[in-house]
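Read off the chains here:
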Amino acid sequence: LISGGVAAGQWGFVFALLFSSLVNLVLFFRIIECAYYRGESGPHGQDGRSGHGEEGYDGGGGFHGGVAVAEAPVSMVAPLLMVALGLLALGLCTGGLVSGIIQFAIPAGVV
């Protein structure tokens, strides 16, 4: 999309794409940082407590009060995996979708 915007001279479009990509990078890095790079002590001190007075308060610091966090049960993971596989299959099989369904919804002079 960016190379097409540059080729067409649409610099506002290119800027918007670059800006949104940078915002997404920051947001995803924040998720990865919270998930992998924070120890149990977190940013609030040695025991990870944030001063909110709640045992096991997470508050983004990763402290769970010493309670082991178990994996999600299969009844929650199975629908998520089915939707993910369905979206992957839809993305890989878009040729049939475009030629069989969407092609007839677009007026003849548009394409």
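Please read these numbers as outputs of a predicted model, since none were measured by experiment.

**Focus: the overall build of the protein**
In step 1: Helices and strands together make up the secondary structure of the protein, namely 4 helices and 0 strands.
In step 2: Each helix and strand of the protein, ordered N terminal to C terminal, gives the series α-α-α-α.
In step 3: Considering the protein as a whole, with its 111 residues, one finds that 5% of them fall into the buried category.
In step 4: Restricting to contacts in the protein with at least 6 residues of sequence separation, those with at least 24 account for 3%.
In step 5: Roughly 9000 Å² of accessible area belongs to the protein as shown, and the carbon and sulfur atoms make up 70% of that amount.

**Considering the confidence of the model for the protein**
In step 1: In this model, the protein carries a mean pLDDT of 78, and residues with pLDDT of at least 70 account for 70%.
In step 2: When mean pLDDT is taken per element in the protein, helix α3 (residues 74–92) scores highest with 93 and helix α4 (residues 94–105) scores lowest with 80.
In step 3: This model gives residues 45–57 a pLDDT under 50, and the stretch forms 18 contacts once residues within four places in sequence are excluded.

**Considering the packing of aromatic side chains**
In step 1: If you walk through the whole model with that rule in mind, you get 1 aromatic pair.
In step 2: With centroids separated by 6.2 Å and ring planes inclined at 20 degrees, the aromatic side chains of F15 and F19 adopt a geometry described as stacked. Here the residue F15 and the residue F19 both occupy positions in helix α2 (residues 11–37), the gap between them amounting to 4 residues, near one helical turn.

**A few points about α3**
In step 1: Taking 1.5 Å of rise per residue, the 19 residues of α3 would be expected to cover 27 Å, and the 26 Å separating its terminal C-alpha atoms lies within 8% of that figure.
In step 2: Within α3, only 0 of the 19 residues are buried, leaving the element largely exposed.

What counts and what doesn't
Residues numbered from 1 in each chain as written. Predicted model: local features only at pLDDT ≥ 70, side-chain atom pairs only at ≥ 80, totals over all residues. Heavy atoms only, no water. Helix = DSSP H or I, 4+ residues; strand = E, 2+ residues; numbered from the N terminus. Buried < 20%, exposed > 50% of the residue type's maximum accessible area, 1.4 Å probe, protein only. Contact = heavy atoms within 4.5 Å. Areas by Shrake-Rupley, 256 points an atom, 1.4 Å probe, with all protein chains shown as cover. pLDDT = per-residue confidence, 0-100. Phe/Tyr/Trp six-rings, centres within 6.5 Å; stacked < 30°, edge-to-face > 60°. Expected span 1.5 Å × (residues − 1).

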